[in-house]
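Summary of structural features
Residue strings, one per chain:
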Amino acid sequence: MEALHDKKLKFLEEMANKIRREIIEMLVEAGSGHSAGPLGMADIFSAMYFHVLKHDPQKPNWKDRDRLVLSNGHICPVLYASLANAGYFSVEKLATLRKINSRLQGHPHRGSLPGIETTSGPLGSGLSQAIGMALAARLDNKKYRVYCLASDGEHQEGNFWEAVMFAGKQGSNLNNLTVIVDRNNIQIDGFTEKIMPLESLKDKYEAFKWHVLDVNGHDIEEFVAAVNEARAIYERPTVIIAHTIPGKGVSFMEKDFRWHGKPPTQEEGERALKELRTLGGEIKSEHE
Amino acid sequence: MINPDVKLNKKLFDKRADQKATRDGFGEGLVEAGKIDPAVVALCADVTESTRTEEFSKKFPERFFEMGVAEQNMASVAAGLGVSGKIPYISSYAVFSPGRNYEQIRTTIAYNDSNVKIAGHHAGISTGPDGATHQATEDIAIMRAMPNMKVFVPCDAIEAKKATMAAAKIWGPVYLRFQREKTPIFTTEDTPFSPGNAEIFWQSRSPQVLIIGCGPILYDAIVAAKELDENGIGSIVLNCHTIKPLDEDKIAELAKKCGAVVTVEEHQITGGLGGAVAEALAKNYPAPVEFVGMQDVFGESGTAKELMDKFNLEAKDIKTAVKKVIKRK
């Protein structure tokens, strides 16, 4: 991974903003889908696809590529926008999200689109699949790393903890595995701590013998530093608990769980895009 | 008479003929598959000895993963291995895998088109004293309904070994069904086994009924056919080891020849072999069918023999079904 210069950082931040705008446009066009999660993870996706991952959009099946497994498939608009901007397919295709005969399925499907590592949507089984990929790397003496992006809410699934327990048992054999948890504190029915408390997530992972890092999920510099630390940990797999704001970038969506599973209307979409173009009103002229 | 082309065990009707469980055939087939292809890996959920995964785990320890009692994680870890160039075999009791981990198999193996082989063990009521919680009688139905999935139900230990090895050579998800109890070895190494091709094991001179079976209970179908033949009722017995893709052409052709059909399985008659055959006949050649199998009930504790008797899954019950279906012609 190259060093993160100021210029690169600015590029990543601008890319995150572009991804956010495309998420809004996709959701308005589709008329269904999830808003809060994709917006909240735009900074991390920008950092992953444009800085962290060793990958080649021209060769999506390159055997030595790093793998990004999206466990909470419902935030796929952020994945699709990232893949399109990285060059896996054309950005124009984003408008086909959730439509008939589209390769952009409502939840990601491996084989439908280049760059998608696994089919997901039903929660809690992405980490297991990431573990399988990381074990395959070990068996084949490959150097690629596996990143699993998961939601906080899906930690309520039993399958997730089966996987956490298994990876803890594997120890250094799975030091090529990093989990990134989108800790945005919301799920469909409300706030996670009210629906089914997850805290202390850090203590739970540590009890299962994982290396645990806490970061601000909107601070790309801090996030990239955590990814680098995870690469340096030999003894065990690492989890990066990324604290994010659901709906980040659109004031009327931020921190409101009601935006978990619905798209903006045309009018709401226009308001959201205006806000994103002016960086929340911080700049007068809309930058394009 | 026994179809000479399929080269069955000559001592087939000898009461002292060798017996072996289909799970033993799986264990041997898994080791062989592992020797042939280094991509073969095995995962097991705390039942390594009883699913006969143990031999593989000793021969190839670096390719074996003990998953603990966690069938959901096992299925999806295998899915990850399967999309990364490996050929994973996952083993547990069929009530747990594909029972408990149905959704993981559906999403991460079948829809994801990962190259995973699912071995469901201790299937059927002959699992015995453990009771209905441990007797899978719905697994064929669950797996047959899943797009991308292939389903094999071998009839004896030799065929189980062949099916296990064949699965490694077929791309994509495969379900393999095995049983716990020792059952007659009535095929031989020379008996043909080709996925998707049902084989005639018994053929009378003038058959009046087609008996289609899968799994070890097929042996009872042959015993029934022989006894019926001695009483002047001719039949054809078809070994339908592949439930999916079903050999529809052969089933239709033979149903046409016989005019009536009996299906035989150690599984619910709904959705299993019986259901599959009824669907195929409705499409291609409607004919009366009688179903020998579990009649929408759960099993219970008992010895295998006691249970097969109580739930009407013996040769005598197959004969009754044959007589009944002939009357319906």
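Residues numbered from 1 in each chain as written. Chains lettered and ligands numbered in written order. Predicted model: local features only at pLDDT ≥ 70, side-chain atom pairs only at ≥ 80, totals over all residues.

Turning to the overall build of chain A, a few remarks are in order. On a plain count of helices and strands, chain A comes out with 10 helices and seven strands. Over its C-alpha trace chain A gives a radius of gyration of 18 Å, about what one expects of a compact globule, namely 19 Å for 288 residues. If you line up chain A on its principal axes, its C-alpha atoms span 50 × 45 × 40 Å. Within the span of chain A, comprising 288 residues, buried residues form 51% of the whole. Pairs at least 24 residues apart make up 74% of the contacts formed inside chain A by residues separated by at least 6 positions. (Helix = DSSP H or I, 4+ residues; strand = E, 2+ residues; numbered from the N terminus. Rg over C-alpha atoms; globule rule 2.2 N^0.38 Å. Buried ≥ 20, exposed ≤ 12 C-beta atoms within 10 Å, placed from the backbone. Contact = placed C-beta atoms within 7 Å.)

Scanning chain B from terminus to terminus reveals 11 helices and 14 strands. Here the C-alpha atoms of chain B give a radius of gyration of 19 Å, agreeing with the 20 Å that 2.2 N^0.38 yields for 329 residues. Taking the principal axes of the C-alpha coordinates as reference, chain B spans close to 60 × 40 × 40 Å. Residue burial in chain B is summarised as follows: out of 329 residues, 61% are buried. Taking the intrachain contacts of chain B between residues at least 6 apart in sequence as the baseline, contacts between residues at least 24 apart amount to 80%.

Before going further, it helps to examine the domain arrangement of chain B. Residues and elements named next belong to chain B. When the domains of chain B are assigned, the result is domain 1 (19–184) and domain 2 (196–327). A separation of 25 Å is found between the C-alpha centroids of domain 1 and domain 2. Breaking the side of domain 1 that touches domain 2 down by element, the ones donating at least two residues are α5 (139–144), β6 (150–152), α6 (157–169) and β8 (182–184). Class assignment for the residues of the side of domain 1 that touches domain 2 results in 13 nonpolar, nine polar and seven charged. (Domains from an automatic or database assignment. Nonpolar A, V, L, I, M, F, W, Y, C, P; charged D, E, K, R; others polar.)

Next up on the list: the interface of chain B and chain A. Listed as interface residues are 21 residues of chain B and, on the opposing side, 22 residues of chain A. Take the side of chain B that touches chain A: its biggest share by element is eight residues, from helix α3 (residues 71–82) of chain B. Tallied by class, the residues present in the side of chain B that touches chain A amount to eight nonpolar, 10 polar and three charged.

For the rest of this paragraph, the subject is the sheet that holds strand β3 (residues 177–183) of chain A. Residues and elements named next belong to chain A. The strand order β1-β2-β3-β7-β6 describes an open sheet built from five strands, whose pairing is parallel. This sheet does not close on itself; its edge strands, each paired only once, are β1 (67–70) and β6 (211–216). Neighbour-to-neighbour, the strand axes of this sheet turn through a mean angle of 20 degrees, independent of strand direction. Note that β3 and strand β7 (residues 238–243) share six bridges and pair parallel. Each residue of the ladder has a partner; that of Thr178, found in β7, is Thr238. The strands touched by helix α5 (residues 126–139) are β1, β2 (146–151) and β3; relative to β2, the strand with the most contacts, the crossing angle is about 175 degrees. (Pairing = 2+ DSSP bridges. Axes fitted to C-alpha atoms, helices over the stretch in contact; angles between N-to-C directions.)

Moving on to the environment of B:Asn312. With respect to the secondary-structure elements, B:Asn312 resides in the loop between α10 (304–310) and α11 (315–327). Through-space distance from the C-alpha of B:Asn312 to that of B:Gln295 is 9.5 Å; in sequence the pair is 17 residues apart.

Over its 12 residues, helix α9 (residues 273–284) of chain B extends 16 Å from the first C-alpha to the last, a length consistent with the 16 Å expected when each residue adds 1.5 Å. Those residues of α9(B) that are buried are in contact with α5, β10 (207–213), β12 (242–244), α8 (248–258), β13 (261–268) and β14 (289–294) of chain B. (Expected span 1.5 Å × (residues − 1).)

What follows is about the confidence of the model for chain B. If pLDDT is low for a region, its predicted coordinates should not be looked at in detail. Within chain B, residue pLDDT values average 97, and 100% of them lie at 70 or more. This prediction of the complex comes with two scores: 0.96 for pTM and 0.94 for ipTM. (pLDDT = per-residue confidence, 0-100.)

The subject of this paragraph is the nonpolar core. Counting 199 residues, the largest nonpolar core has A:Ile131, B:Ile211 and B:Val261 as the members making the most contacts within it. The element contributing the most residues to this core is helix α1 (residues 6–30) of chain A, with nine residues. When we break this core down by domain, the ones giving at least three residues each are domain 1 (19–184) and domain 2 (196–327) of chain B. If sequence neighbours within four positions are ignored, B:Val261 has contacts with B:Val209, B:Leu210, B:Ile212, B:Ala255, B:Val277, B:Leu281, B:Ala287, B:Val289 and B:Val325. (Core = buried A, V, L, I, M, F, W, Y, C linked by C-beta atoms within 7 Å.)

A few words now on unusual backbone geometry. One can expect most non-glycine residues to show negative phi and most peptide bonds to be in trans. Backbone torsion omega between A:Glu199 and A:Ser200 reads 0 degrees, so that peptide bond is classified as cis. Secondary-structure assignment places A:Ser200 in the loop between α7 (192–195) and α8 (201–207). The step from B:Lys244 to B:Pro245 runs through a cis peptide bond, and the omega angle for that step is 0 degrees. Within the element layout of this structure, B:Pro245 appears in the loop between β12 and α8.

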